[in-house]
Amino acid sequence: MAGQELRYDDQTVVVTGAGGGLGKSYAIFFASRGANVVVNDLGGSFKGEGGGSAAADKVVEEIRAAGGKAVANYDDVVNGEAIIQTAIQNYGRIDVLINNAGILRDISFKNMKDQDWDLIMKVHVIGAYKCARAAWPYFRKQKYGRLISTTSAAGLFGSFGQCNYSAAKLSQVGFTETLAKEGLKYNILCNVIAPIAASRMTATVMPPEVLDNLRPEWVVPLVAVLAHPSNESETGSIFEVGGGHMAKLRWERAKGALLRADDSFTPAALLKKWDGVSDFSEPEYPTGVADFMGLLEQAQKLPPNP
Ligand code: NAD
């Protein structure tokens, strides 16, 4: 496919939170390349307050004015079943789900209220689960599906004042990694992106000159490639993407320290070997629990401590 225009004719793409920001860019792109698009958005504020149909309607109008095919859906992502049914009822199928909807409730941990925590979990964790859960049987039955989840640098690395959002966003990594493993034999490929882009979410925290170099459209190519049928193997991957830069991330394991029976498994024995615990000079890149078990098996075969 290199060099060719990727197209999505006869495919149905559901984009949650597509009334603005990144989701809008995805929706407009997929429709411009032949897909039927479900533009989901409940139209609230970036803090998750209020709602309305205007945001989704405007994007649908823009797509149709350009000759594309799209329908609006105004459900909260926690009603994932209704969102996926919009795809089924209008287009008879779903091929791609982009779990993109999101809100912020930034506040220091000290001042956080349960409501700030719960609402973030509801939208990012439960919402993404509900949409994927509703799409999954269709993906399995047709032995085809592409799921893109959305994490964040805040989740991967932590971010002051965002512990609710960080927790919710990192959940998308574990969720997607597992779905990638479960979906593989049904040709359901699942990847997770950590975008950075100008949107109402970032408008208040970044200056205009920086935002100008972080256009949401510049995130689209990565999503487009991952969601395309020509992607036959990229799954369970995490990508950072923004400002035109795209890079894969992975886990790195230090050399490690092995306590053995003759060390008597004491904290003091561990302290003696602490350098190894954090020694990244000979890294490994694990992708599953089996890697750790393999490592243990090898380690058990080593001769005892001198
Ligand atoms: P945005 O606020 O412009 O777009 C999010 C959209 O989701 C909004 O249109 C909103 O109405 C919709 N939405 C919110 N709650 C919803 C719900 N319960 N049901 C349906 N729709 C809902 O923000 P954005 O920057 O485009 O963010 C898109 C995604 O990217 C989010 O998941 C966000 O956490 C993530 N993200 C963005 C950045 C960034 O730099 N912009 C960085 C990291 C992660």
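Residues numbered from 1 in each chain as written. Predicted model: local features only at pLDDT ≥ 70, side-chain atom pairs only at ≥ 80, totals over all residues. Heavy atoms only, no water.

Asker: Help me understand the environment of Ala 167 in this model?
Answerer: Mapped onto the elements of the fold, Ala 167 is located in helix H6 (residues 163-183). Here the alpha-carbon distance between Ala 167 and Gly 67, two residues 100 residues apart in the chain, equals 40 Å. If we skip the residues at most four places from it in the chain, Ala 167 touches Trp 117 and Met 121. (Helix = DSSP H or I, 4+ residues; strand = E, 2+ residues; numbered from the N terminus. Contact = heavy atoms within 4.5 Å.)

Asker: Honestly, the site of the ligand in this entry has me stumped. Any pointers?
Answerer: Surrounding the ligand, one finds 30 residues, the nearest of these being Asp 41, Asn 100, Tyr 165, Ser 199 and Arg 200. Measuring from a nitrogen atom of the ligand, one finds a backbone N or O atom of Val 77 at 3.0 Å. Elements with a contribution of two residues or more to the shell around the ligand: helix H1 (21-32), helix H4 (114-142), H6, strand E6 (188-196) and helix H7 (200-203). For the shell around the ligand, the element with the most residues is H7, which contributes 3 residues. Taken together, the residues of the shell around the ligand sort by class into 11 nonpolar, 14 polar and 5 charged. (Near = heavy atom within 4 Å. Polar contact = N/O pair within 3.5 Å; in protein donor to acceptor, adjacent residues only side chain to side chain. Nonpolar A, V, L, I, M, F, W, Y, C, P; charged D, E, K, R; others polar.)

Asker: Sorry if this is basic, but what is going on with the confidence of the model for the protein chain here?
Answerer: Predicted coordinates in regions of low pLDDT should not be interpreted in detail. Across the protein chain, the average pLDDT comes to 95, with 98% of residues at or above 70. Across the predicted assembly, pTM comes out at 0.96 and ipTM at 0.99. (pLDDT = per-residue confidence, 0-100.)

Asker: When you look at the pattern of salt bridges in this model, what are you seeing that I'm missing?
Answerer: Between side chains of opposite charge, a pair can form as their charged atoms come close. Throughout the structure, instances matching the rule amount to 10 salt bridges. Between Asp 95 and Arg 93 there is a salt bridge, with the nearest N and O atoms lying 2.6 Å from each other. We classify Asp 95 as buried; its relative accessible area is 1%. When the shortest N-O distance is used, the salt bridge between Asp 212 and Arg 215 registers 3.3 Å. Asp 212 sits in the partly exposed class, given a relative accessible area of 42%. Accessibility expressed as a relative area gives 34% for Arg 215, which makes it partly exposed. Bridged by salt links that share partners, the residues Glu 49, Arg 105 and Asp 116 form one connected network. (Salt bridge = Lys/Arg side-chain N within 4 Å of Asp/Glu carboxyl O. Buried < 20%, exposed > 50% of the residue type's maximum accessible area, 1.4 Å probe, protein only.)

Asker: Would you explain the nonpolar core in this entry?
Answerer: Within soluble globular proteins, side chains that are nonpolar tend to cluster in buried spots. In terms of nonpolar packing, the biggest core is built from 33 residues, with Tyr 26, Phe 30, Val 37, Val 39, Ile 98 and Ile 193 touching the most fellow members. Within the residue set of this core, elements represented by two or more residues are strand E1 (12-15), H1, strand E2 (36-40), helix H2 (54-65), strand E4 (96-98), helix H9 (220-227) and strand E7 (238-242). Look past the residues within four positions of Phe 30 in its chain and what remains in contact with it is Tyr 8, Val 13, Ala 35, Val 37, Ile 98, Val 223, Ala 224 and Ala 227. In terms of nonpolar packing, the next biggest core, distinct from the first, is built from 29 residues, Ala 87, Ile 94, Cys 131 and Leu 179 among them. (Core = buried A, V, L, I, M, F, W, Y, C linked by side-chain atoms within 4.5 Å.)

Asker: Before we go on, may I ask you to explain H1 in this structure?
Answerer: Note: α-helices contain 3.6 residues per turn, so residues at a spacing of three or four share the same orientation. Helix length check: H1, at 12 residues, gives a terminal C-alpha distance of 17 Å against a target of 16 Å (1.5 Å per residue), a fit within 8%. Those residues of H1 that sit buried are Leu 22, Gly 23, Ser 25, Tyr 26, Ala 27, Phe 29, Phe 30 and Ala 31. One or two positions beyond H1, positive phi appears at Gly 34, with a value near 95°. (Expected span 1.5 Å × (residues − 1).)

Asker: Explain a nonpolar patch on the surface here, please?
Answerer: Residues Leu 271, Trp 274 and Val 277 make up a contiguous nonpolar surface patch of roughly 300 Å² in combined accessible area. When you line up the elements, Val 277 lands in helix H11 (residues 274-277). (Patch = residues over 30% accessible without salt bridge, like charges linked within 9 Å, V, L, I, M, F, W, Y side chains within 5 Å. Areas by Shrake-Rupley, 256 points an atom, 1.4 Å probe, with all protein chains shown as cover.)

Asker: Can you walk me through the packing of helix H3 (residues 80-91) against H4 in this structure?
Answerer: Helix-helix packing is described using two parameters, namely the angle between the two axes and the distance between the axes. Interaxial distance between H3 and H4 falls to 7 Å at its minimum, and their mutual angle equals 40°. In terms of axis orientation, H3 runs oblique to H4. Every pair of crossing elements has a handedness; the one defined by H3 and H4 is right-handed. Taken together, the residues of H4 that come into contact with H3 (itself represented by Gly 80, Glu 81, Ile 83, Ile 84, Gln 85 and Ile 88) are Lys 130, Cys 131, Ala 134, Ala 135 and Tyr 138. Here the residues of the contact of H3 with H4 are counted per class, giving 7 nonpolar, 2 polar and 2 charged. (Axes fitted to C-alpha atoms, helices over the stretch in contact; angles between N-to-C directions. Parallel < 35°, antiparallel > 145°, perpendicular 65-115°, else oblique. Left-handed = near helix turned anticlockwise from the far one by under 90°.)

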